[in-house]
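Fold and contact review
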Amino acid sequence: AQSVTQLDSHVSVSEGTPVLLRCNYSSSYSPSLFWYVQHPNKGLQLLLKYTSAATLVKGINGFEAEFKKSETSFHLTKPSAHMSDAAEYFCVVRENSGYSTLTFGKGTMLLVSP
Amino acid sequence: EPEVTQTPSHQVTQMGQEVILRCVPISNHLYFYWYRQILGQKVEFLVSFYNNEISEKSEIFDDQFSVERPDGSNFTLKIRSTKLEDSAMYFCASSEAGGGYNEQFFGPGTRLTVL
């Protein structure tokens, strides 16, 4: 079985300061991990994915995430927040066994103030 | 850039009525999915579809739900007799292939409100 915990429902930062969105997972098999972002009235957009290659994954818009197996974490970071980063972010796990499904975290709403 | 589209964006229906939610996946994709998100809760997997049949479904996807690919472009989710608890945002997704490494592309969602 697989599960995802996003530790913060809301994160508030000021523009230009670092962003940290936390995610812990559990999986019976070697997982793939994803971060999706959802802007208001838009679909879920893939930010980045980990698929057992490099543990530090770079995504779009300056985001990156580090897969830490010992900590079962996949935290999302960005050095400097932009106003356009304000959105809801979902951490997602998928076990690499057959047609295994995506399991979503509850989401973290990122608020960016000027 | 190709994208998944969904119609309508918002559907209001009376309890007990049938609804059909429509999706147009990305044209060269072969795998299709439905997810839902009840307000304040997690996005949950409903069903995956490949080669004109269901490949996987969750416990949520009971006999009141069905999916269909009626033509070469549309992918639909039907709820036969809606209940209040079916109120949710429904997301369609598609991917080129199955398996854990393949990105699923999501549509903007249909918000279903059952009164």
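Our subject is the structure listed above.
The residue numbers shown here count from 1 along each chain, following its written sequence. Whichever chain is written first becomes A and whichever ligand is written first becomes 1, with later ones labelled in order. Only residues with pLDDT of at least 70 get local features here, since the model is predicted, and only at 80 or more are side-chain atom pairs given and counted; chain-wide, interface and lining totals rely on the full set of residues. The basis for every side-chain value is the complete set of heavy atoms in the structure, and neither hydrogens nor water enter the calculation.

Looking at the overall build of chain B
Secondary structure assignment for chain B yields zero helices and eleven strands. Helical segments are the DSSP runs of H or I of at least four residues, strand segments are the runs of E of at least two, and each set is numbered from the N terminus. Its helices and strands taken in sequence order, chain B reads β-β-β-β-β-β-β-β-β-β-β from the N to the C terminus. Each radius of gyration reported is based on C-alpha atoms, and the globular scaling rule is 2.2 Å times the count of residues to the power 0.38. Its C-alpha atoms give chain B a radius of gyration of 13 Å, within 12% of the compact-globule value 13 Å for 115 residues. On the principal axes, the C-alpha backbone points of chain B span a range of 35 × 30 × 30 Å. Here chain B holds 115 residues, and the buried ones make up 47% of them. Each residue is assigned to one of three classes by its accessible area relative to the maximum for its type, calculated with a 1.4 Å probe on protein chains only: buried under 20%, partly exposed between the two thresholds, exposed over 50%.

Remarks on the state of the cysteines
The definition used for a disulfide is geometric: two cysteine sulfur atoms within 2.5 Å. Counted by the stated rule, this structure contains two disulfides over all chains. There is a disulfide in this structure between C23(A) and C91(A), and the S-S distance comes to 1.9 Å. On the sign convention where negative means left-handed, the S-S torsion of about -65° between C23(A) and C91(A) marks this disulfide as left-handed. You can see C23(A) sitting in strand β4 (residues 23–26) and its partner C91(A) sitting in strand β10 (residues 87–95), a full 68 residues away along the chain. The same class applies to C23(A) as to C91(A), namely buried. Linked covalently through their sulfurs, C23(B) and C92(B) form a disulfide whose S-S length is 1.9 Å. Of note, the bridge from C23(B) to C92(B) carries an S-S torsion of about -65° and is left-handed in sense. Taken together, the residues span a long stretch of sequence, with C23(B) in strand β3 (residues 19–24) and C92(B) in strand β9 (residues 88–95) at a distance of 69 residues. Each member of the pair, C23(B) together with C92(B), is buried.

Brief notes about the environment of V43(B)
Relative to the helices and strands, V43(B) resides in strand β5 (residues 43–50). Judged by its relative accessible area of 3%, V43(B) falls in the buried class. When neighbours within four sequence positions are excluded, V43(B) is seen to be in contact with F90(A), F104(A), Y35(B), R36(B) and Q37(B). Residues count as neighbours in contact if any of their non-hydrogen atoms are within 4.5 Å of one another.

Observations concerning the packing of aromatic side chains
To pair, rings of Phe, Tyr and Trp, with the six-membered ring standing in for Trp, must have centres within 6.5 Å; the planes then decide the type, stacked if under 30 degrees apart, edge-to-face if over 60, and tilted in the middle. On inspection of all chains with the given rule, the structure shows 18 aromatic pairs over all chains. Between Y50(A) and F67(A), the aromatic rings sit 4.1 Å apart at their centres with planes inclined by 15°, giving stacked as the arrangement. In this pair, Y50(A) is assigned in strand β6 (residues 44–50) and F67(A) in strand β8 (residues 64–68), connecting sequence segments 17 residues apart. Side by side, Y50(A) and F67(A) carry an identical accessibility label, which is buried. Ring centres of F90(A) and F104(A) lie 6.1 Å apart, and the angle between their planes is 75°; on these two criteria the pair is classed as edge-to-face. Here F104(A) lies in strand β11 (residues 103–104) and F90(A) lies in strand β10, a separation of 14 residues in the sequence. By the burial criterion, F90(A) is buried, and F104(A) matches it. These aromatic residues form a ring-pair network of at least three members: F34(A), Y36(A), F90(A), F104(A), Y33(B), Y35(B), F45(B) and F106(B).

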